[in-house]
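Residues per chain are reported as follows:
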Amino acid sequence: MKFFIDTANLTDIKKAYKVGVLSGVTTNPSLVAKEGVKFEDRIAEILREVPEVESVSAEVTPDAVTAEEMIAQANELIKINDYDKNITIKLPMTLAGLEACRYLANKGVKTNVTLIFTVNQALLAARAGATYVSPFLGRLDDISEDGVQLVAKVAELFRTHNLSAQIIAASVRHPDHVTRVAMAGAHIATIPFSVIEQISKHPLTDQGMDKFAADWKKSVQ
Ligand code: E4P
């Protein structure tokens, strides 16, 4: 399973990129709004900062409701992609979003269909030519459903039917989600930097380092 970072915060993106574990970035209108920056400018900055990742998801804005409006926005976003071929157009899981997805996929543009909450939605998105599908597990857990189970079922379905869309486990909230979606067959988990930090740590690692440091002081130098 690969790691994407789920943020529009440049500092966090740079920190994760430096560690060398980052394969992509996902953003959404809420994450961009939180940064208080112009959407297109921030996408351009991200693309410039992480030139070697496979995908930077830029989501069409909520005022694009029809497929034509989404495609028009996608065409503008693609123009920002001077730096590499890694921009991915993120589209909502609606009939219009699927129509835009098919159109863009036929043009060779990478797409990520977002806000997926059922296996059927994932199947439709894959059949519309999505490069990535994003089931939101945390938000399902929030309403007492099993988000990881959804990822497992989508992974099984894609294997059974030989569907090439990659599953991005989204709305990942904590380390246990990461482990469980990796075991469930997600191709990617998109996670905030705080979770990247959390999964890098263990108290025994810290204790071990303290002990090595203490013993080293006693050794012959
Ligand atoms: C994924 O692409 C979304 O940006 C994200 O994972 C949403 O997560 P949330 O439910 O924590 O807002």
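Residues numbered from 1 in each chain as written. Predicted model: local features only at pLDDT ≥ 70, side-chain atom pairs only at ≥ 80, totals over all residues.

Taking an unreviewed UniProt entry as the reference, the chain is identified by name as Probable transaldolase belonging to Paenibacillus rhizovicinus. Turning to the chain, the UniProt record has this under Sequence similarities (unreviewed entry): "Belongs to the transaldolase family. Type 3B subfamily." Quoted verbatim from the Function (unreviewed entry) heading of the UniProt record, the comment on the chain is "Transaldolase is important for the balance of metabolites in the pentose-phosphate pathway." (UniProt positions renumbered as here; feature names shortened; annotations may be inferred.)

What about the site of the ligand?
The environment of the ligand is made up of D6, T26, N28, T114, S134, F136, G138, R139, A170, S171 and T190. Taken together, the residues of the shell around the ligand break down into two nonpolar, seven polar and two charged. (Near = placed C-beta within 6 Å. Nonpolar A, V, L, I, M, F, W, Y, C, P; charged D, E, K, R; others polar.)

Comments concerning the nonpolar core
Core analysis: the largest hydrophobic core is formed by 61 residues, its most contacted members being A125, V133, V151, A169 and V181. When near neighbours in sequence (up to four residues on either side) are disregarded, V151 contacts P135, L137, I167, A169, V181, A184 and A186. (Core = buried A, V, L, I, M, F, W, Y, C linked by C-beta atoms within 7 Å. Buried ≥ 20, exposed ≤ 12 C-beta atoms within 10 Å, placed from the backbone. Contact = placed C-beta atoms within 7 Å.)

Observations regarding the UniProt feature "active site" (unreviewed entry) in the chain
The UniProt feature table records "active site" (unreviewed entry) at K90. Turning to its location among the elements, K90 is positioned in strand β4 (residues 87-92). Beyond its immediate sequence surroundings of up to four residues, K90 is in contact with S57, A58, E59, V60, N112 and T114. (Helix = DSSP H or I, 4+ residues; strand = E, 2+ residues; numbered from the N terminus.)

What to know about the sheet that holds strand β8 (residues 188-191)
Ordered in space as β1-β2-β3-β4-β5-β6-β7-β8, the eight strands form a closed barrel in which the pairing is parallel. Strand after strand, the sheet turns through a mean of 25° between neighbouring axes, direction not considered. (Pairing = 2+ DSSP bridges. Axes fitted to C-alpha atoms, helices over the stretch in contact; angles between N-to-C directions.)

Observations regarding the packing of helix α1 (residues 10-19) against helix α3 (residues 39-49)
Think of two packed helices as two axes; the pair is described by the angle between the axes and how far apart they sit. One can describe the packing of α1 onto α3 by two numbers: an axis separation of 10 Å at closest approach and a directional angle of 15°. Taken together, the axis directions place α1 and α3 in an arrangement best described as roughly parallel. Crossing of α1 over α3 shows right-handed handedness. For the pair α1 and α3, the contacting residues are L10, I13, K14 and Y17 in the first and E45, I46 and E49 in the second. Considered class by class, the residues forming the contact of α1 with α3 number four nonpolar, no polar and three charged. (Parallel < 35°, antiparallel > 145°, perpendicular 65-115°, else oblique. Left-handed = near helix turned anticlockwise from the far one by under 90°.)

What to know about the pairing of strand β1 (residues 2-6)
Burial runs high along β1: four of the five residues are buried. Alignment of β1 against strand β2 (residues 22-26), held across four bridges, turns out to be parallel. What sits directly across from I5, in β2, is V25. Regarding topology, α1 serves as the crossover connection from β1 to the parallel β2, and that connection is right-handed. (Right-handed = clockwise from strand over helix to strand, strands pointing away.)

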